[in-house]
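# Survey of secondary and tertiary structure
Here's the letter readout for the chains.
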Amino acid sequence: SVVNNLADTWNANVIRAAMGVENGGYLTSPATEKQKVQTVVDAATAKGIYVIIDWHAHDIHTSEAVSFFGEMAQLYKDYDNVIFEVYNEPDYESWAQVKQYALQVIQAIRSKGANQLIVVGTPTWSQDVDVAANDPITGYSNIAYTLHFYAGTHKQFLRDKAVTAMNKGLALFVTEWGTCDASGNGGLDLTESQTWINFMDQYKLSWCNWSLNDKAETASALVPGASTTGPWPDSQLTESGKFVKAKILLNGTTGSSSSSISSSSSSIISSSSSISSSVASQTPYNGVISLPGLIEAENFDNGGQNIAFYDTTAGNSGNAYRNTDVDIESTTDTGGGYNVGWIANGEWLEYTVNVTQAGTYNIEVRVASINTGRTLRIEFNGVDKTGTLTVPNTGGWQNWQTITKTGVSLSAGQQIMRIYCMGDGFNINWVRVVAASTSSSSTSSVSSSSSSSSVVSSSSSSSSLSSVSSSSSSSSVAYVDVTAPFSFDGAGTKYWRMTTIPNYINSWNLDSLVINGVELKNVWVGAANLPAKQNGYYYITYKGSYAWSHFEAK
């Protein structure tokens, strides 16, 4: 249904079946991933449109690729609509390494009698087409080279590289491009996108746009929860999706032909190996994270590269906590645990969160670095909420400081939070979202974890009680002063405040434990992970239903 709807309602004449190779893809489940590809290829063939079999990898896996493409070539050698894309985006491999790999895969395809177009990836995420042009593949015909761009990042410099390559005789195919920056997120750059489309039209370059997906990011064509089969009304399309669909429809009415891939053909591509199965690939690592609250950097979502995270190197350099390409190590920060390290420019991590109540919040990020000039930003559902935050030189990889963005407006509900890193060489321990400070007249509700305001003590408080009230309500809460070490067991609702900074707080069997607007029930939290004091105090709201409900601050 997906393929048919793209062809019938968008006039798409090529589909890219991007088969994930790493991070739980083909290398882990070859039979499952091959079946997904075959489903898309068969549907495209039945519809009479082109289909690209994309080996969607960033690293070289020669023996596996030779085996896979040998099998695909045997199956589809008589299908002129099938295109073989043998290496999606080499990242740090040299052209000499890519070329050596490609020659072996090309030989495996041609040895089966398959003479269809083969598209070869180029270094630096398929940007260095000019480098490939200096030493092109010889001995085989019907070979093109991959050019990828994201309009918010890649501008005239990359078009210049493309012109250089074409002037030297290379055939290019833009098998992936996006309307935003190279992370797949950030703001739309439709002006630059149009410049690129004009360029591709001028040079008769075929293209595929990333991606037919309902993931909450800028590059997705579909809004979260959109139909998994189509057709998709405009209400189910993102701004990027509306723009790209219009361009595909325009190509379909201005003479672009589906009979030749050298025409200015266009399509939407899937972000996984099967278009129809691409929308459910990202899941929370350890449950949806409730905000306000603490987000440990190492607890990013499941889903793998380009889905739940983007990492520029293979493997976990810290060899800790999770088997992943994200680099994780043990931390000596207060409270222990783990941090994400070895961060490189352009890397990102995503987390499924639930903001319990719309309001104004402060976002704190715990960082360490020996460098200056590094920056990051925090996004919710693809919208930059913090602007650029500067990571200070803390004097050591385990010397930690907290940077804060105040006055951040967040809407309620489940969302995807992204940490986007700019610059090499810093570590992240956690992100914390806390209710922003307000005056005492802003609200009288201080016991709810979804409160958008922090508790402010009254100047009329005595040495043992603090009365917090609202000018718009007669209700008030009396906070009892306590000092660590302190503990309590039992049922009921209690209100305490303390000025001392405990080494840790811990609790179990509680219904709720809110400290300065942050829900921290039934977890051990070190001093460094406590929310900031408000007016010199930690305001604690305890709710337990059992005699064995417990809280301690030690």
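Treat the numbers as computed from the prediction; the structure is a model and nothing was measured.

### Looking at unusual backbone geometry
With an omega dihedral of 10 degrees, the bond running from Leu-291 to Pro-292 counts as a cis peptide bond. Tracing the chain through its elements places Pro-292 in the loop between β9 (289-291) and β10 (293-296). In this structure, Pro-485 follows Ala-484 across a cis peptide bond, with omega equal to 5 degrees. Position of Pro-485 relative to the elements: it lies in the loop between β23 (476-481) and β24 (486-489). Not every positive phi belongs to a glycine, and Asn-142 is a case in point at roughly 60 degrees. By the element assignment, Asn-142 lies in the loop between α6 (129-133) and β5 (143-150).

### Concerning the packing of helix α1 (residues 2-10) against helix α2 (residues 30-47)
Following both chains from N to C, one finds α1 and α2 inclined at 35 degrees, their axes separated by 9 Å at the closest point. Crossing of α1 over α2 shows right-handed handedness. Contact residues: Val-3, Asn-4, Ala-7 and Asp-8 in α1; Ala-43, Ala-44 and Lys-47 in α2. When grouped by side-chain class, the residues that make up the contact of α1 with α2 number four nonpolar, one polar and two charged.

### Some points on the packing of α2 against helix α3 (residues 62-76)
Relative to each other, α2 and α3 sit at 30 degrees, their axes nearing to 12 Å. With respect to α3, the axis of α2 lies roughly parallel. Here the hand of the crossing between α2 and α3 comes out right-handed. Side by side, α2 and α3 meet where Lys-34, Val-37, Gln-38, Val-41 and Asp-42 of the first sit next to Phe-68, Glu-71, Met-72, Leu-75 and Tyr-76 of the second. In terms of residue class, the contact of α2 with α3 is built from six nonpolar, one polar and three charged.

### Comments concerning helix α8 (residues 190-202)
Along an α-helix, a turn takes 3.6 residues, which lines up residues three or four apart on a common side. Given a rise of 1.5 Å per residue, 13 residues ought to cover 18 Å, and the 18 Å separating the end C-alpha atoms of α8 matches this to within 8%. Residues of α8 that are buried: Glu-192, Ser-193, Trp-196, Ile-197, Phe-199 and Met-200. The buried residues of α8 occupy an angular sector of 160 degrees when projected down its axis, which confines them to one face. Away from its buried face by more than 90 degrees, α8 exposes Thr-191 and Gln-202.

### Re the packing of aromatic side chains
All chains considered together, the criterion is met by 27 aromatic pairs. Between Phe-68 and Phe-69, the aromatic rings sit 5.0 Å apart at their centres with planes inclined by 80 degrees, giving edge-to-face as the arrangement. When its relative accessible area of 0% is taken as the criterion, Phe-69 is described as buried. Look at Phe-486 and Trp-496: their rings are 5.0 Å apart centre to centre, the planes differ by 70 degrees, and that puts the pair in the edge-to-face class. Separated by 10 residues along the polypeptide, Phe-486 in strand β24 and Trp-496 in strand β25 (residues 492-498) bring together distant segments of the chain. Grouping residues by exposure puts Phe-486 and Trp-496 together as buried. Among the aromatic residues, those joined into a cluster by ring pairs are Phe-149, Trp-177, Trp-196, Phe-199, Tyr-203 and Trp-207. Between Arg-418 and the ring centre of Trp-348, over which it is positioned, the NZ or CZ distance is 3.5 Å.

### Regarding the confidence of the model for the protein chain
If pLDDT is low for a region, its predicted coordinates should not be looked at in detail. With 87% of its residues at a pLDDT of at least 70, the protein chain reaches an overall mean of 84. Segment residues 438-476 is flagged for pLDDT under 50; beyond a separation of four residues in sequence, or across chains, it makes 97 contacts in the model.

### Digging into the environment of His-58
Inspection of the secondary structure assignment puts His-58 in the loop between β2 (50-56) and α3. C-alpha separation for the pair His-58 and Gln-305, spaced 247 residues apart in sequence, amounts to 9.5 Å. Filtering out sequence-adjacent residues up to four positions away, His-58 remains in contact with Glu-22, Tyr-87, Asn-88, Glu-89, Pro-90, Asp-91, Glu-93, Trp-125, Gln-305 and Asn-306.

### Examining the nonpolar core
In terms of nonpolar packing, the biggest core is built from 72 residues, with Ile-53, Trp-55, Phe-69, Phe-84, Val-120 and Leu-172 touching the most fellow members. With near-sequence residues (within four places) excluded, Phe-69 lies in contact with Ile-53, Trp-55, Phe-84, Glu-85, Val-86, Val-105 and Ile-109. Among the nonpolar cores identified, the runner-up in size contains 34 residues, and Tyr-361, Val-367, Val-391 and Val-431 belong to it.

Criteria and thresholds
Residues numbered from 1 in each chain as written. Predicted model: local features only at pLDDT ≥ 70, side-chain atom pairs only at ≥ 80, totals over all residues. Heavy atoms only, no water. Helix = DSSP H or I, 4+ residues; strand = E, 2+ residues; numbered from the N terminus. Axes fitted to C-alpha atoms, helices over the stretch in contact; angles between N-to-C directions. Left-handed = near helix turned anticlockwise from the far one by under 90°. Contact = heavy atoms within 4.5 Å. Nonpolar A, V, L, I, M, F, W, Y, C, P; charged D, E, K, R; others polar. Parallel < 35°, antiparallel > 145°, perpendicular 65-115°, else oblique. Expected span 1.5 Å × (residues − 1). Buried < 20%, exposed > 50% of the residue type's maximum accessible area, 1.4 Å probe, protein only. Arc of directions from axis to C-beta. Phe/Tyr/Trp six-rings, centres within 6.5 Å; stacked < 30°, edge-to-face > 60°. Lys NZ or Arg CZ within 6 Å of the ring centre and 35° of its normal. pLDDT = per-residue confidence, 0-100. Core = buried A, V, L, I, M, F, W, Y, C linked by side-chain atoms within 4.5 Å.

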